[in-house]
Amino acid sequence: MTTDAIVSYRTSADGTTLHATLLAPELDVDVADELRDSLEKAVAGSPCRQLSLDLAEVTFIDSYSLGALVGVRNSAAAAGLTMVLTRPSPPVRQAIEVTGLTEVFGIAPV
């Protein structure tokens, strides 16, 4: 497992999924670029086929950070990985739904 200031990473036992757990409770303009850079670097060097981003501990996300996640999704796709968002907290789920990104991120409506 590796950890940087904003994301903790581990690879699944079968080596197919890179699990990323966000360590920052608030994703805003102050951390969005660092988040994007960290995730894109991890994806670029990963032999995995999927990036799983755990959002359970995130209590706030702004539009700039959502844009950063869309950029990461696109970078992951270009590297041959699918990106899934897991366990979004209620405020994060609401932000994703309000912005119309549920289908982009593959999150089923509640």
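Scroll up a little and you will see the structure.
Residues numbered from 1 in each chain as written. Predicted model: local features only at pLDDT ≥ 70, side-chain atom pairs only at ≥ 80, totals over all residues. Heavy atoms only, no water.

(A) Representation of the nonpolar core. One finds Leu-39, Leu-53 and Met-83 to be the most contacted residues of the largest nonpolar core, which totals 32 residues. Secondary structure elements with two or more residues in this core: strand E2 (7–11), strand E3 (17–22), helix H1 (29–44), strand E5 (50–54), helix H2 (63–78), strand E7 (82–86) and helix H3 (90–98). (Core = buried A, V, L, I, M, F, W, Y, C linked by side-chain atoms within 4.5 Å. Buried < 20%, exposed > 50% of the residue type's maximum accessible area, 1.4 Å probe, protein only. Helix = DSSP H or I, 4+ residues; strand = E, 2+ residues; numbered from the N terminus.)

(B) Here's a closer look at unusual backbone geometry. Positive phi outside glycine occurs at Arg-87, with the angle close to 50°. As for its placement among the helices and strands, Arg-87 is situated in the loop between E7 and H3. Taking the relative accessible area as the measure of exposure, Arg-87 reaches 54% and is therefore exposed.

(C) Structural view of H1. Its 16 residues give H1 an end-to-end C-alpha distance of 23 Å, which sits within 8% of 22 Å, the value for a rise of 1.5 Å per residue. Those residues of H1 that fall on the buried side of the exposure criterion are Val-31, Ala-32, Leu-35, Ser-38, Leu-39, Ala-42 and Val-43. In a view along the axis of H1, the buried residues occupy a sector of 145°, so they form one face of it. Of the exposed residues in H1, those oriented more than 90 degrees away from the buried face are Val-29, Lys-41 and Ala-44. Next to the buried residues of H1 lie E2, E3, strand E4 (26–27), E5 and H2. (Expected span 1.5 Å × (residues − 1). Arc of directions from axis to C-beta. Contact = heavy atoms within 4.5 Å.)

(D) Focus on the pairing of E3. Sheet topology places E2 next to E3; five bridges connect them, and they run antiparallel. When the bridges of E3 are listed, Arg-10 appears paired with His-19. The pairing of E3 with E5 spans five bridges and is parallel. Among the inter-strand pairings, Ala-20 is bridged to a residue of E5, identified as Leu-53. (Pairing = 2+ DSSP bridges.)

(E) The arrangement of the pattern of salt bridges in detail. Evaluated as defined, the whole model comprises four salt bridges. Close ionic contact of Arg-36 with Asp-33 constitutes a salt bridge, the shortest N to O distance being 2.9 Å. Of this pair, Arg-36 and Asp-33 are both found in helix H1, three residues apart, which corresponds to roughly one turn of the helix. We classify Asp-33 as partly exposed; its relative accessible area is 31%. (Salt bridge = Lys/Arg side-chain N within 4 Å of Asp/Glu carboxyl O.)

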